[in-house]
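# Results of the structural survey
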Amino acid sequence: MIDFELTDEQRLIRETARDFTDREIVPRARENDRNEHFDTELVQKIADMGFLGAIVPEEYGGREVDYRTYALLVEEIGRGDSAMRTVVSVVTSLVCSSIVRWGTEEQKQEWLPRLCSGEALGCFGLTEPDTGSDASNLKTRAEKIDGGWRINGGKMWISLGNYSKLAMIFAQTDPEKKHKGLACFLVPTDSEGFSSQEIHGKLGLKGSDTAELSLDGVEVADSALMGQIGDGFKIAMSALDSGRYSVAAGCVGICQGSLDASVAYAKERTQFDRPIASFQLVQEMIADMAVQTEAARGLVWRAGWLKDQGKPSTTETSIAKLYATEAAVSCADRAIQVHGGSGYVDDYPVERYLRDARVTTLYEGTSQIQKLIIGRAYTGINALVP
Ligand code: CAA
């Protein structure tokens, strides 16, 4: 049975993450957002705390915490700044967890210690300009050459793509085989023919790096192949099982941050000679935020508990991701309402919460894709097959 009581170790890690977030992340969040600054110094501090690769076994440089504990620290970082939470989610969940699960011993030794220590960042190259939700329909091609592979193609919306030393690149080896022809390669980004370009003009996550990647005849050795030819799609989906969980946990942080900021503001702000917190319509907004925050956290913890038990968790992860991301958008929006005009400028974190939350219902699978995964699990019918 799932136990909602935290262990002493979990409490300690949550407190440590909370203190770190308040001391290091919160004070920099506004300026990094305003300046569209990807704060590599702060990323290194996060790595030094052991928060990158926290779920990775200790022998490869991780902290080897369980998924429940991982959610606690991701929630705290998500409350501070989703740009930094994105770094944790991508490096830890999408990249490290994939290498732990699918990598050879050599690949683990080569990359995991560097990723956990922050010496190298990693990115997840699945999405392409013409390939979003239909993830198996990739145009990037990998062609066998003597001793390795030559990769040609492009990737889009890749978080950390301009700063990563490692790119997980998903490519098609045989278009006739559809998703069974996909492969995943661990590509060093200093390979000849690999280049990246910054994407600007985003609504939110301005303190996070987002890239377009180009692979122009990039050659990698056979040892860069992760798993077998044909495992690519399963590697991507299993990575997203962890990544969606991490996004959901970060969104619980946005919900909690929205609630905390709203309660504080509503008690301090007076109108009609009373704190606005005493008005029923304001309390209704606060109650709605509280319910959404607790529900989102409960769903995340349930998914984490299943992962820790080694039980299937794909559907429960999609439920948590769907609910928590939509809740984060809703809570941030309500928080602005509670703050009135003050919530519309960045003196308070709530407008950034809304802008940053907005991408979470898009990336790592849109809300609509999560609904189709859930709907398929409950009905046994795949809505994507005509
Ligand atoms: N774990 C392991 N294997 C899985 C799996 C999982 N969670 N889910 C499916 N698979 C396997 C299936 O068992 C099946 O295997 P077989 O061929 O052996 O039977 C195979 O994968 C194909 O499965 P489906 O038939 O379910 O595949 P589908 O084509 O219907 O696609 C989908 C399903 C859910 C729509 C999927 O394409 C999907 O999740 N799309 C969204 C993609 C997405 O989330 N993109 C975000 C990219 S990351 C990002 O945002 C960038 C960033 O930097 C943050």
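Quick notes on the rules
- Residues numbered from 1 in each chain as written.
- Predicted model: local features only at pLDDT ≥ 70, side-chain atom pairs only at ≥ 80, totals over all residues.
- Heavy atoms only, no water.
- Near = heavy atom within 4 Å.
- Polar contact = N/O pair within 3.5 Å; in protein donor to acceptor, adjacent residues only side chain to side chain.
- Helix = DSSP H or I, 4+ residues; strand = E, 2+ residues; numbered from the N terminus.
- Buried < 20%, exposed > 50% of the residue type's maximum accessible area, 1.4 Å probe, protein only.
- Contact = heavy atoms within 4.5 Å.
- Phe/Tyr/Trp six-rings, centres within 6.5 Å; stacked < 30°, edge-to-face > 60°.
- Domains from an automatic or database assignment.
- Buried area = accessible area lost by both parts, 1.4 Å probe.
- Salt bridge = Lys/Arg side-chain N within 4 Å of Asp/Glu carboxyl O.
- Axes fitted to C-alpha atoms, helices over the stretch in contact; angles between N-to-C directions.
- Parallel < 35°, antiparallel > 145°, perpendicular 65-115°, else oblique.
- Left-handed = near helix turned anticlockwise from the far one by under 90°.
- Nonpolar A, V, L, I, M, F, W, Y, C, P; charged D, E, K, R; others polar.
- 1 Å grid on protein atoms, 1.4 Å probe; cavity = no way out; pocket = protein on both sides within 12 Å on 5 of 7 lines; lining within 4 Å.
- Points joined across faces, edges and corners; volume = space filled by probe spheres on them.

Another point: the site of the ligand. Looking at the ligand, there are 26 residues lining it, with Ser133, His179, Lys180, Arg244 and Arg376 nearest. Take Asp241: an N or O atom from its side chain is 3.0 Å from a nitrogen atom of the ligand. Glu364 places a main-chain nitrogen or oxygen 2.8 Å from an oxygen atom of the ligand. Mapped by element, the contributors of at least two residues to the shell around the ligand are β3 (148-159), α6 (232-268) and α10 (367-379). Take the shell around the ligand: its biggest share by element is seven residues, from α6.

A word on helix α9 (residues 350-358). The buried fraction of α9 is high, at seven of nine residues. Buried within α9 are the following residues: Val350, Glu351, Arg352, Tyr353, Arg355, Asp356 and Ala357. Its buried side turned inward, α9 meets α1 (8-34), α3 (67-80), α4 (82-102), α6 and α8 (314-339).

Now for the side chain of Gln10. Tracing the backbone shows Gln10 in helix α1. Setting aside residues no more than four positions away along its own chain, Gln10 makes contact with Glu5, Asp66, Arg68, Thr69 and Leu72.

So, about the environment of Pro188. Relative to the elements of secondary structure, Pro188 occurs in strand β5 (residues 182-188). Along the chain, Pro188 and Val220 lie 32 residues apart, while their C-alpha atoms are 8.5 Å from each other. Here Pro188 is in contact with Trp111 and Lys165, once residues within four sequence places are set aside.

The next subject is the packing of aromatic side chains. Under the counting rule described, the total for this entry stands at 10 aromatic pairs. When the ring of Phe20 is compared with that of Phe51, the centres are 5.8 Å apart and the planes differ by 80 degrees; the resulting orientation is edge-to-face. Within this pair, whereas Phe20 is found in helix α1, its partner Phe51 is found in the loop between α2 (40-48) and α3, the two being separated by 31 residues in sequence. The exposure class assigned to Phe51 is buried, which follows from its relative accessible area of 1%. Taking 5.9 Å as the distance between ring centres and 85 degrees as the angle between the ring planes, the aromatic pair formed by Tyr67 and Tyr70 counts as edge-to-face.

It is worth spelling out the domain arrangement of the protein chain at this point. Per the domain assignment, the segments making up the protein chain are domain 1 (8-119), domain 2 (123-230) and domain 3 (234-379). When each unit is reduced to the centre of its C-alpha atoms, the spacing between domain 1 and domain 2 is 23 Å. The interface is formed by 25 residues belonging to domain 1 together with 21 residues belonging to domain 2. Taken over both partners, the interface formed by domain 1 and domain 2 buries close to 1,900 Å², and the fraction arising from carbon and sulfur atoms is 70%. Per-residue buried area on domain 1 facing domain 2 is highest for Glu36, Phe38 and Trp111; these three make up 31% of the total on that side. Scanning the region where domain 1 abuts domain 2 turns up two salt bridges. Two residues, Glu36 and Lys206, come together in a salt bridge whose shortest N-O distance is 3.8 Å. Our enumeration of links across domain 1 and domain 2 arrives at four residue pairs in polar contact (both at pLDDT 80 or more).

Look at Trp157: it is not a glycine, yet its phi comes out positive at around 60 degrees. If you trace the backbone, Trp157 turns up in strand β3.

On to the environment of Tyr378, then. Mapping Tyr378 onto the fold places it in helix α10. Along the sequence, Tyr378 and Ser133 sit 245 residues apart, while their C-alpha atoms lie 20 Å from each other. Non-local contacts of Tyr378, meaning those with residues more than four positions away in its chain, are made with Thr315 and Ile319.

Attention now goes to the packing of α2 against α4. The description of two helices packed together rests on the angle between their axes and the distance between the axes. As a packed pair, α2 and α4 sit with axes 11 Å apart at the nearest point and diverge in direction by 55 degrees. By the angle class used here, α2 and α4 are oblique. The element α2 and its partner α4 pack so that their crossing is right-handed. Residues Leu42, Val43 and Ile46 of α2 form the contact with α4, whose own contacting residues are Met84, Val87 and Val88. Taken together, the residues that form the contact of α2 with α4 break down as six nonpolar, no polar and no charged.

What the second largest pocket holds in volume is close to 330 Å³. Around the second largest pocket, the lining is made up of 16 residues, and of these Val26, Tyr348, Pro349, Arg352 and Tyr353 lie nearest the centre. Among the secondary structure elements, those contributing two or more residues to the lining of the second largest pocket are α1, α3, α6 and α9. With four residues, the top contributor of residues to the lining of the second largest pocket is α1. Residues belonging to the lining of the second largest pocket are distributed by class as follows: six nonpolar, two polar and eight charged. Each of two domains, domain 1 (8-119) and domain 3 (234-379), supplies a minimum of three residues to the lining of the second largest pocket.

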